[in-house]
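In case you want the letters, here they are:
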Amino acid sequence: MKAVVCQNGTLAVAELPVPRPGRGQVRLKVLRCGICGSDLHARHHSDELADVAADMGYLQAMRSTDRTVFGHEFCGEILEYGPHCKKRTPIGGRVVAFPLRREGEGIHPIGLSASAPGAYAEEVVVEESLVVPVPDALNTDIAAMTEPMAVGLHAVRRSKIGRRQTAVVVGAGPIGLAVVLMLKAHGVRTVIASDFSPARRALASRCGADIVIDPSTASPMEHLQQRRGYFTSAVAAMRLLLRATEAANTLPIPLWQAWRALESIGVGPKAPVIFECVGVPGVLNSVITTAPMMSRVVVAGVCMGEDRVRLAMAINKELDIRFVLGYTPVEFRRTLRMLAKGKVDPTPLITSTVSLAEVDAAFEALATPDEHAKILIDPTS
C-alpha cells in the first residue's frame, strides 16, 4: 500500500506492506485523514517530544530517525477483522477510532510512534474496542473532524466555564476554532476570539465568536477592562475590597456573615476564562500579564521547548492555570454524536483536500495562517 513516511524531517510517499490486524484489531481503508498541528510539530521537533514522553515513562515515541507514518484524525471503512473480534460493525461500515493501538507488549499513539503507523496511508489498523460507528447520514469529511473537535470539547469541559462567563480564545488556529465551536455549543453567551490573521478572524466569526479582535490594534483583555466587574489593576482591587468591607459593616449582621452572604450570591470580581491556543513562547506569559484578576487560564496550545512566565504575577492575580491535552474515549464518542446531530459544524475549518502525493506541499501551505485551517487527506484520490 502507499503511505506518506516521515524521516529526518522529510515527507515522502512510500510503498509499505499491507498492515495485518492482530487480536482484537480492525483493518480500515482510510477515507479521510486530517493534518494536525501535532504532525507539523512532530516533523521537526519529534526528538523534543520523545524526550518529554520518555520522562513520563513512554519510550517508543517517534524519533527524527524513525520511519513514521503520521495521521491520527481519520475516518475509515472496515476491510477486515482480526481474531477474537466481536464484529459489531459490518464489513464496509464507516468508523472513527480513538487513536491508540496495541503492538507487542506496548500501547502506542497511532501516527506518533513508528510502532503504530497512522492514517497518512491507504490503510490503517486500529483497536476494535476503540472504534465508533459513523451514522449513515454524516458526511465523511465531517466524521474525520471528530478527533480535533474532541480536543476542543475536552478543553471546554476542563475549563468548567459557566454560560454567563466570558470566554477569551487567544489564537484562532484549528484548536482555537474547535474551542470556539464547543463554547457556543455549550451555550456560552460571550466568546471573544483574537488572532493576527484576517482569514482566521473571519473563520472565528463563522464558527460563532461574538467578538473578534486583531491583537495588532487592540487587546482582548483591554476589551474586558471596558466592561464592569473585571479588574487588572491592584489599586482597583484594593479599592473594591475596602468599599465592600465598609458597606458590609453598615449591615445589622456581623461582618463575616455579610461577607459570606455576598460571596454566596456571586458578589465580587468577574472571572473570565481564557483559552491560550497559540503555543508560541511568550504567549502564556503575555496572557498572565494582561489577564484580569481571578481569571482561569486554560492552556491548549502546545509550546515546543521551554518558556518563561512571571510566577509572581500569576500568584498576585490568583490565576487558575490549567493545562489540557487530548480527550477521553467518552468525549471522543460524544463529539461524534454532536457532529451527527448538527450541534457542532466544523465545515468552515476544512479549507482543502489533498492526495498522498500532495501532503508535503500541504505542510508548507499550513505554515502560513492566511490560506488554510484544516487540510484533509484523501488517500484514494
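See the structure above.
Residues numbered from 1 in each chain as written. Predicted model: local features only at pLDDT ≥ 70, side-chain atom pairs only at ≥ 80, totals over all residues. Heavy atoms only, no water.

### Remarks on the overall build of the protein chain
Part 1 of the argument: On a plain count of helices and strands, the protein chain comes out with twelve helices and 17 strands.
Part 2 of the argument: Split into buried and exposed, the 381 residues of the protein chain put 49% on the buried side.
Part 3 of the argument: Within the protein chain, contacts between residues at least 6 apart in sequence are counted, and of these 71% link residues at least 24 apart.
Part 4 of the argument: Within the structure as shown, the protein chain displays about 18,400 Å² of accessible surface, and the carbon and sulfur contribution to it stands at 54%.
Part 5 of the argument: The distance from the centre of the 42 positive side-chain charges to the centre of the 38 negative ones in the protein chain is 10 Å. (Helix = DSSP H or I, 4+ residues; strand = E, 2+ residues; numbered from the N terminus. Buried < 20%, exposed > 50% of the residue type's maximum accessible area, 1.4 Å probe, protein only. Contact = heavy atoms within 4.5 Å. Areas by Shrake-Rupley, 256 points an atom, 1.4 Å probe, with all protein chains shown as cover. Lys, Arg positive; Asp, Glu negative; His and termini not counted. Charge placed at Lys NZ, Arg CZ, Asp CG, Glu CD.)

### Focus on the sheet that holds strand E10 (residues 166–170)
Strands pair in a sheet through their backbones, by hydrogen bonds, and they do so in one of two ways: parallel or antiparallel.
Part 1 of the argument: Sheet architecture is open: six strands sit in the order E12-E11-E10-E13-E14-E15, paired in parallel fashion. Of all strands in the sheet, those with a lone pairing partner are strand E12 (211–213) and strand E15 (320–323), marking the two edges. Averaged over neighbouring strand pairs, the angle between their axes works out to 15° when direction is ignored.
Part 2 of the argument: Pairing analysis gives four bridges linking strand E14 (residues 296–299) to E15, with the strands arranged parallel. Within the sheet, the bridge partner assigned to Arg296 lies in E15 and is Asp320.
Part 3 of the argument: Of the strands in this sheet, E10, strand E13 (273–276), E14 and E15 are in contact with helix H9 (residues 283–290), which crosses E13 at around 165°. (Pairing = 2+ DSSP bridges. Axes fitted to C-alpha atoms, helices over the stretch in contact; angles between N-to-C directions.)

### Side note on the packing of helix H1 (residues 37–55) against helix H12 (residues 359–366)
Part 1 of the argument: Interaxial distance between H1 and H12 falls to 11 Å at its minimum, and their mutual angle equals 100°. One way to sum up the angle between H1 and H12 is to call them roughly perpendicular. Together, Asp39, Leu40 and Arg43 of H1 and Asp360, Phe363, Glu364 and Leu366 of H12 make up the contact between the two elements.
Part 2 of the argument: Across the contact of H1 with H12, the residue classes break down as three nonpolar, no polar and four charged. (Parallel < 35°, antiparallel > 145°, perpendicular 65-115°, else oblique. Nonpolar A, V, L, I, M, F, W, Y, C, P; charged D, E, K, R; others polar.)

### Looking at the side chain of Arg32
Part 1 of the argument: As for its position among the elements, Arg32 is in strand E3 (residues 25–34).
Part 2 of the argument: Here the side chain of Arg32 touches Asp141 through a polar contact of 2.7 Å, side chain to side chain.
Part 3 of the argument: For Arg32, the contacting residues outside a window of four places in its chain are Glu73, Phe74, Cys75, Thr140, Asp141, Ala144, Thr353, Leu376, Ile377 and Asp378. (Polar contact = N/O pair within 3.5 Å; in protein donor to acceptor, adjacent residues only side chain to side chain.)

### Section: the pairing of strand E2 (residues 10–15)
Part 1 of the argument: Note that strand E1 (residues 2–7) and E2 share six bridges and pair antiparallel. Across the sheet, residue Lys2 finds its bridge partner in E2, namely Glu15.
Part 2 of the argument: From the end of E1 to the start of E2, which pair antiparallel, there are two residues, and Asn8 there has a positive phi angle of about 55°.

### Considerations on the pairing of E13
Part 1 of the argument: Burial along E13 is two-sided: the face carrying Val273 and Phe275 and the face carrying Ile274 and Glu276 are both buried.
Part 2 of the argument: For E10 and E13, the ladder comprises four bridges, and the chain directions are parallel. Bridge pairing links Val168 to Ile274 in E13.
Part 3 of the argument: After leaving E13, the chain enters H9 and then returns to the sheet as E14, a path that is right-handed. (Right-handed = clockwise from strand over helix to strand, strands pointing away.)

### Some words on the environment of Ala193
Part 1 of the argument: The residue Ala193 is located in strand E11 (residues 190–194) in this model.
Part 2 of the argument: Counting along the chain gives 25 residues from Ala193 to Val168, while the straight-line C-alpha distance between them is 5.9 Å.
Part 3 of the argument: If near-sequence neighbours (up to four positions away) are discounted, Ala193 is found in contact with Val169, Ala204, Ala209, Ile211, Val212 and Ile213.

### Overview of H1
Part 1 of the argument: Helix length check: H1 (19 residues) gives 22 Å between terminal C-alpha atoms against 27 Å at 1.5 Å per residue, more than 12% under.
Part 2 of the argument: Residue His45 marks the point of greatest curvature in H1, where the axis turns by about 95°.
Part 3 of the argument: Listed as buried for H1 are Asp39, Ala42, Arg43, Ser46, Ala50 and Ala53.
Part 4 of the argument: Buried residues along H1 sit in contact with E1, E2, E3 and H12.
Part 5 of the argument: Note on H1: the residue one or two positions beyond its end, Gly57, has a positive phi of about 100°. (Expected span 1.5 Å × (residues − 1). Bend = angle between axes of the 7 residues up to and from the residue.)

### Describing the pattern of salt bridges
Part 1 of the argument: Applying the stated criterion across every chain, the model contains 18 salt bridges.
Part 2 of the argument: The residue Glu73 makes a salt bridge to Lys374 at a minimum N-O spacing of 2.9 Å. Note that Glu73 is positioned in strand E4 (residues 73–81) and Lys374 in strand E17 (residues 374–377), a separation of 301 residues in sequence.
Part 3 of the argument: What makes Glu73 buried here is its relative accessible area of 1%.
Part 4 of the argument: By relative accessible area, Lys374 is classed as buried at 2%.
Part 5 of the argument: The partner of Arg101 in a salt bridge is Glu103, and the shortest N-O contact between them spans 3.0 Å.
Part 6 of the argument: The exposure class of Arg101 is buried, given its relative accessible area of 9%.
Part 7 of the argument: Looking at Glu103, the relative accessible area reads 38%, which means it is partly exposed. (Salt bridge = Lys/Arg side-chain N within 4 Å of Asp/Glu carboxyl O.)

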